[in-house]
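Geometric and topological summary
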Amino acid sequence: MYEIGSEGYDFEGYKIYRATDTQFEDVYKITDAQGHLTFYKPLVQWDLVDGITGYHPIAINGVHYDLGNDTGIRHSFVDSTVQNGQTYYYAVVSYDFGGDLTNNIPPTECSKRLTIDHVTGEIRKGPNVVIVTPEAPAAGYVEADIIDINLFKGQTTSKVHYIIVDPLEVLENHKYQITFEDTLKLFKGSGMGYDTLTTKSFTLEDITNPVQPETLIDKSKSIKITDEQPIIDGFQLILKNSNLVYFNQGKSYWSRDSLWRFTATIFQFATPPQMGRPYPSDYRIEFAEPGSYTSTDYTLGIPGLPYPLSYNFPASPVNFTVKKRVNVTGVDSVDWKTIPFAFGDYSPRENPDGLLNADSVEYDWVIFLDETDNQGNPFPTWKFSLDAPRPFEKYCIYSPLPGDTAFIIIDKPFMSSDVFRFTTRATYIDTSLAKKELERIKVVPNPYFAAATWEQRNPYTSGRGPRSIHFNHLPLKCTIRIFTVSGELVKVINHNAIFTDGSEEWDLLTKDNLSASYGVYVYHVEAPGIGEHIGKFAIIK
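All of these numbers come straight from a predicted model, not from anything done at the bench. (Residues numbered from 1 in each chain as written. Predicted model: local features only at pLDDT ≥ 70, side-chain atom pairs only at ≥ 80, totals over all residues. Heavy atoms only, no water.)

One open sheet holds the five strands; their spatial order is β12-β37-β14-β15-β16, and the pairing between them is antiparallel. Edge strands, defined here as strands with exactly one partner in the open sheet, are β12 (145–153) and β16 (214–220). Direction aside, neighbouring strands of the sheet carry axes that sit 20° apart on average. The pairing of strand β14 (residues 175–185) with strand β37 (residues 419–425) spans five bridges and is antiparallel. Note on β37: the bridge partner recorded for Q177 is R421. (Pairing = 2+ DSSP bridges. Helix = DSSP H or I, 4+ residues; strand = E, 2+ residues; numbered from the N terminus. Axes fitted to C-alpha atoms, helices over the stretch in contact; angles between N-to-C directions.)

In structure tokens, the structure reads:
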């Protein structure tokens, strides 16, 4: 492709084809302008987010290749449209974006190799083809799960979710821990700005043995929700990380209903210029009687010089105090710490009263001083203010009173102080549930006609393919005995499978290796420690 002036690395996406025959004939459906079969119809398709979308300009007898819709690449897929007992052939094929009108090269996709030996019936497949026969799980099956991913330490509002990809690989009662590294991105723009705290990496450890923890993911920088994490012990983590430290108005709240709205923004002052640093912590403002607390004297710019070289917020008696969350133990005196704050008393206008207030013209400022500068002096982080109700306001209409508390929730990324822990529970069989589910055991199809839909096509040139019926929802270990209605034993089948396979197949051959005759049969399922089940089915012409 380089030699003709096109991009050499031209991977664009991939498709998944699903068929019930080895030649994929049942998905060979897309025709050209003359009605000739030309393309296979994919089950799903994903492509790169690169702006290359829609139909390729080069036509093949009037039909254009579909390049996708910028869906993004995925690496896992769950097919929920299958039939138990039916054998499916899946092929994952990659495709390129082809050339253009100058070279007349359409896209191409890789081959799907699947052949059958017509003498032995052996199926040979390429590395991009899998053969799957879905079955109902065993009776009493309880799928593996994760027992609560809890924030063990820290204050992040970011979340960790998960997907169970392979329930048979999930380990029993294993304990895991997720830790993080953060970093400070320095402000590089012109004018005022602030440094941004952001997540740098995360680490996943198996801490089942606390003396020798096992590192499973080490300082991975794949921390976006769109980043696909590796599958570890049958599960896959999903990190929902907040990109910025900012005020979450939706989660912030009052200690009682119908009080004025409030907001918190990163502190910013124009003259003299000053920009605060958004600190990743939650805060609360507790209201009290007038004069119960005193604000901190704080000067912007150069103290002692006139405005606009400096601006002073004088210390004054106020009716509130400010606390910052420093821990998450659940003990109030341990979790919350009083911090210094400055007070801009602007409401009522030209009549400072020491009360945190607001009106239709002005509003007071509460400036959190919980950081320090290079000289150890208090430095601002957030600015809190009340929002007085408008005349048409119907809900948030009451001003705060002594005893009221405003809870200020800050969205926070994963930080070095954050630790998540969780425990896994492996797949298991619930014996009590298995006993109840014995009544779900059934034979399909029932009655059995000359053929069933899942039976594979005849791989030979003549005669019909293999015949079979399926027993579904069986216990993990059991014995199936098939009798004629007169009580003659026809077949004994021992079932001993994995958790996810609660099915057993009968090829309609008797214990004497003869074809079962048409008629009604009785089957008996015996599962040690669980119970028994009796049913019947019919084989008809």
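Here we come to the layout of surface pockets. Put simply, the largest pocket is a space of about 1400 Å³. What lines the largest pocket is a set of 41 residues, and nearest its centre among them are S76, F77, V78, D79 and V165. Secondary structure elements with two or more residues in the lining of the largest pocket: β1 (11–19), β7 (88–96), β10 (129–132), β13 (159–164) and β17 (235–240). (1 Å grid on protein atoms, 1.4 Å probe; cavity = no way out; pocket = protein on both sides within 12 Å on 5 of 7 lines; lining within 4 Å. Points joined across faces, edges and corners; volume = space filled by probe spheres on them.)

Cis geometry is adopted by the peptide bond preceding P308, which originates at Y307 and carries an omega value of 15°. Checked against the element boundaries, P308 lands in the loop between β25 (298–301) and β26 (310–313). Residue V444 is joined to P445 through a cis peptide bond whose omega torsion reads -10°. With respect to the element layout, P445 can be found in the loop between β39 (442–444) and β40 (469–472). For N173, which is not glycine, the phi dihedral falls at a positive 55°. For N173, the position within the fold is in the loop between β13 and β14. Assessed through its relative accessible area of 41%, N173 is described here as partly exposed. (Buried < 20%, exposed > 50% of the residue type's maximum accessible area, 1.4 Å probe, protein only.)

Pairing in this open sheet of five strands is antiparallel, and the strands run β19-β35-β23-β28-β29 from one edge to the other. Single-partner strands in this sheet number two, and they are β19 (253–254) and β29 (336–338). With five bridges joining them, strand β23 (residues 283–287) and strand β28 (residues 320–325) adopt antiparallel strand pairing. Note that in β28 the partner of I285 across the bridge is V322.

Turning to the pattern of salt bridges, a few remarks are in order. Under the criterion given, the structure shown has 18 salt bridges. Notably, a salt bridge pairs R256 with D404, separated by 2.6 Å at the nearest N-O pair. On the criterion of sequence distance, the pair formed by R256 in the loop between β19 and β20 (261–266) and D404 in the loop between β34 (382–387) and β35 (405–408) is long-range, its members being 148 residues apart. On the accessibility criterion, R256 (34% relative accessible area) is partly exposed. A relative accessible area of 5% places D404 in the buried class. Across the pair E362 and R349 runs a salt bridge whose closest N-O atoms are separated by 3.8 Å. You can see E362 sitting in the loop between β30 (341–344) and β31 (365–368) and its partner R349 sitting in the loop between β30 and β31, a full 13 residues away along the chain. E362 sits in the partly exposed class, given a relative accessible area of 24%. The network of salt bridges with common partners includes R284, E286, K323 and D332. (Salt bridge = Lys/Arg side-chain N within 4 Å of Asp/Glu carboxyl O.)

A cluster of nonpolar residues, I163, V165 and I231, forms a patch on the protein surface that exposes about 230 Å² of accessible area. As for its position among the elements, I231 is in the loop between β16 and β17. (Patch = residues over 30% accessible without salt bridge, like charges linked within 9 Å, V, L, I, M, F, W, Y side chains within 5 Å. Areas by Shrake-Rupley, 256 points an atom, 1.4 Å probe, with all protein chains shown as cover.)

Using the criterion set out here, one finds 37 aromatic pairs in the structure. With a centroid separation of 5.6 Å and an interplanar angle of 85°, the aromatic rings of F235 and F422 are classed as edge-to-face. Of the two residues, F235 sits in strand β17 while F422 sits in strand β37, which places them 187 residues apart along the sequence. Here F235 falls in the buried class, since its relative accessible area comes to 1%. Its relative accessible area of 2% is what places F422 among the buried residues. Relative to F407, the ring of Y253 lies with its centre 4.6 Å away and its plane at 10°, an arrangement referred to as stacked. Pair noted here: Y253 is in strand β19 and F407 is in strand β35, with a separation of 154 residues, a long-range link. Three or more aromatic residues joined by ring pairs make a cluster, and in this case those are F267, F269, Y307, Y311, F313, Y346 and W365. Lying over the aromatic face of Y40, K112 brings its terminal NZ or CZ to 3.6 Å of the ring centre. (Phe/Tyr/Trp six-rings, centres within 6.5 Å; stacked < 30°, edge-to-face > 60°. Lys NZ or Arg CZ within 6 Å of the ring centre and 35° of its normal.)

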